[in-house]
Amino acid sequence: MIVKLLLLGVVLFGVYLVFFKKNREKDIKDKKHDEITDTMVECPTCGTYVSKEDAILSSGKYFCSQECLK
């Protein structure tokens, strides 16, 4: 009887490792993927921080808008 209970416990633990452990590792990888990785740069005219992707590059400087560029 004890051997059957131990065997059942081993089988249940194996099922847990196969199905739930992989999903947990996948969720952790997905959370890392969702992190913000955009670089913020400061506008030299007004001092506002804007993402490098949205900024306007002119003469080696990043500006937040056309108004600050003038």
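Please read all numbers here as calculations on a predicted model, not as lab measurements.

So, how was this worked out
Sequence order as written defines the numbering, with residues in each chain counted from 1. Predicted model: local features are reported for residues with pLDDT of at least 70 only, side-chain atom pairs are reported and counted for 80 or more only, and whole-chain, interface and lining totals are derived from all residues. Heavy atoms throughout the structure, all of them, feed into the side-chain values; hydrogens and water do not. Each helix is a run of H or I in the DSSP string that is no shorter than four residues. Each strand is a run of E no shorter than two, and both are numbered from the N terminus. Each residue is assigned to one of three classes by its accessible area relative to the maximum for its type, calculated with a 1.4 Å probe on protein chains only: buried under 20%, partly exposed between the two thresholds, exposed over 50%. Counting of polar contacts relies on pairs of N or O atoms within 3.5 Å, with two restrictions inside protein: one atom must be capable of donating a hydrogen and the other of accepting it, and residues adjacent in sequence are counted only when both atoms are side-chain atoms. In this scheme, patches are assembled from residues that exceed 30% relative accessible area and form no salt bridge. Like charges are connected within 9 Å, while nonpolar side chains (Val, Leu, Ile, Met, Phe, Trp, Tyr) are connected within 5 Å. In short, Shrake-Rupley with a 1.4 Å probe defines the accessible areas, and a residue's cover is counted only from the protein chains shown. A pairing counts as a salt bridge when a side-chain nitrogen of Lys or Arg comes within 4 Å of a carboxyl oxygen of Asp or Glu.

Peer 1: I'd like a description of the environment of Asp54, backed by residues and values.
Peer 2: With respect to the element layout, Asp54 can be found in the loop between strand E2 (49–51) and strand E3 (56–58). By relative accessible area, Asp54 is classed as exposed at 54%. Remark: the alpha-carbon pair of Asp54 and Asp38, spanning 16 residues in sequence, is separated by 10.0 Å. In this structure the side chain of Asp54 is engaged in a polar contact, spanning 3.0 Å, whose partner is the side chain of Ser51.

Peer 1: Could you give me a rundown of a nonpolar patch on the surface, with the residues and numbers involved?
Peer 2: There is a patch of nonpolar side chains on the surface, built from Leu7, Val11, Phe13, Val15, Tyr16, Leu17, Val18, Phe19 and Phe20 and spanning about 880 Å² of accessible area. Relative to the helices and strands, Phe20 is located in helix H1 (residues 2–33).

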